[in-house]
Amino acid sequence: DFRTYYFFFDTTQPPFDNPLVRQAFAHVLDRDAIIANIIKRQGIAAYSYLMPGFPAANSEAFKETYPYDVEKAKQLLAEAGYPNGEGFPKLVLNLRDEPALPQAVAQAYAAAIKDNLGIEVETTNLDRQTFMSALQERPTGIQFGLISYGMDYLDPSNMLGVFKSGGRHVWSNPEFDALFDEAASMTGDDAARTKMFQDAEKILVEDAGNVFAWHVTPGDLIKPYLKGPALEPDANGVAGWHWPYFSSFSDLLSGVYITNDVTNYRPTAPQ
């Protein structure tokens, strides 16, 4: 499941209509510390939206776009008219019915914003319906939020389409839309199509309407007596269940079976 968590802003209204403010916030996200201390083996740092391994992914190209840089963040915030956070409104960082791990990441980011920029941030974990209803209001009811998205099909048009104008976010960029539309409808030239999607993602990352935080790396514990084609190493050497896991799209279970080795794991012999 190619899934990315990211923070997003209401770019249509103050204070996040100012790109300097968004850039300042991007520079105080310490991905390395979050991965090391909170996420650990459950994810990798995200510097862009498309996860390594996904078609058109270009993560390394964006690694230095908004690196962790507190002094740069303070400078940008001062240039935006909020030196040391003076005059900046208190924020609420909204989450969409998230479990403990994303909540911990949100709280760590909120603390970093307070400690480094002098801006008060409260985190709140809304139920899914309340969050989505508020997000889709126009003007949006979510000024600052954390959300994730995972692919429905293996193509950049699926993932990047989330940020098209008129979608679930208010961030909008005509150049992004034009590149996306041309790439999404292109056939016959995979290299040119990939380049267009990468150029579109570059706009998405650099405009800082969203701050990409981490890509999820799900892990499974599989009983040693389970066998089948779905559990054999793939072209990348990975032996495990792949997307879409258990769903109406998957024939996973039709090829998985329990071997006689199961008897070796019974605490007592069957009676």
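Up top you'll find the structure we're talking about.
Presented here is an overview of the structure given in this document. Note that this is a predicted model, so its numbers are computed, not measured.

### With respect to the overall build of the chain
Along the backbone of the chain there are eight helices and eight strands. Across its three principal axes, the chain shows a C-alpha extent of roughly 75 × 50 × 35 Å. Per-residue burial for the chain yields a buried fraction of 45% across its 271 residues. Pairs at least 24 apart in sequence give 74% of the contacts found in the chain among residues at least 6 apart. For the chain, the computed accessible surface area is about 13,800 Å², with 50% contributed by carbon and sulfur atoms. The distance from the centre of the 21 positive side-chain charges to the centre of the 35 negative ones in the chain is 5 Å.

### Here's the deal with the packing of aromatic side chains
Each aromatic ring pair is described using two quantities: the centre-to-centre distance and the angle formed by the ring planes. The tally for this structure, following the rule as stated, stands at 26 aromatic pairs. Following the ring pairs from residue to residue traces out a cluster consisting of F7, F9, F16, F25, Y82, F88, Y109 and F144.

### Observations concerning the pattern of salt bridges
Enumeration over the complete set of coordinates arrives at six salt bridges. Ionic pairing is found between K114 and E120, a salt bridge with its closest N-O pair at 3.9 Å. Overall, the relative accessible area of 36% leaves K114 in the partly exposed class. A relative accessible area of 42% places E120 in the partly exposed class. A salt bridge links E206 to K202, with the nearest nitrogen and oxygen atoms 2.7 Å apart. Of this pair, E206 and K202 both sit in helix α8 (residues 190-206), four residues apart, which is roughly one turn of that helix. Since its relative accessible area comes to 36%, E206 is described here as partly exposed.

About the criteria used
- Residues numbered from 1 in each chain as written.
- Predicted model: local features only at pLDDT ≥ 70, side-chain atom pairs only at ≥ 80, totals over all residues.
- Heavy atoms only, no water.
- Helix = DSSP H or I, 4+ residues; strand = E, 2+ residues; numbered from the N terminus.
- Buried < 20%, exposed > 50% of the residue type's maximum accessible area, 1.4 Å probe, protein only.
- Contact = heavy atoms within 4.5 Å.
- Areas by Shrake-Rupley, 256 points an atom, 1.4 Å probe, with all protein chains shown as cover.
- Lys, Arg positive; Asp, Glu negative; His and termini not counted.
- Charge placed at Lys NZ, Arg CZ, Asp CG, Glu CD.
- Phe/Tyr/Trp six-rings, centres within 6.5 Å; stacked < 30°, edge-to-face > 60°.
- Salt bridge = Lys/Arg side-chain N within 4 Å of Asp/Glu carboxyl O.

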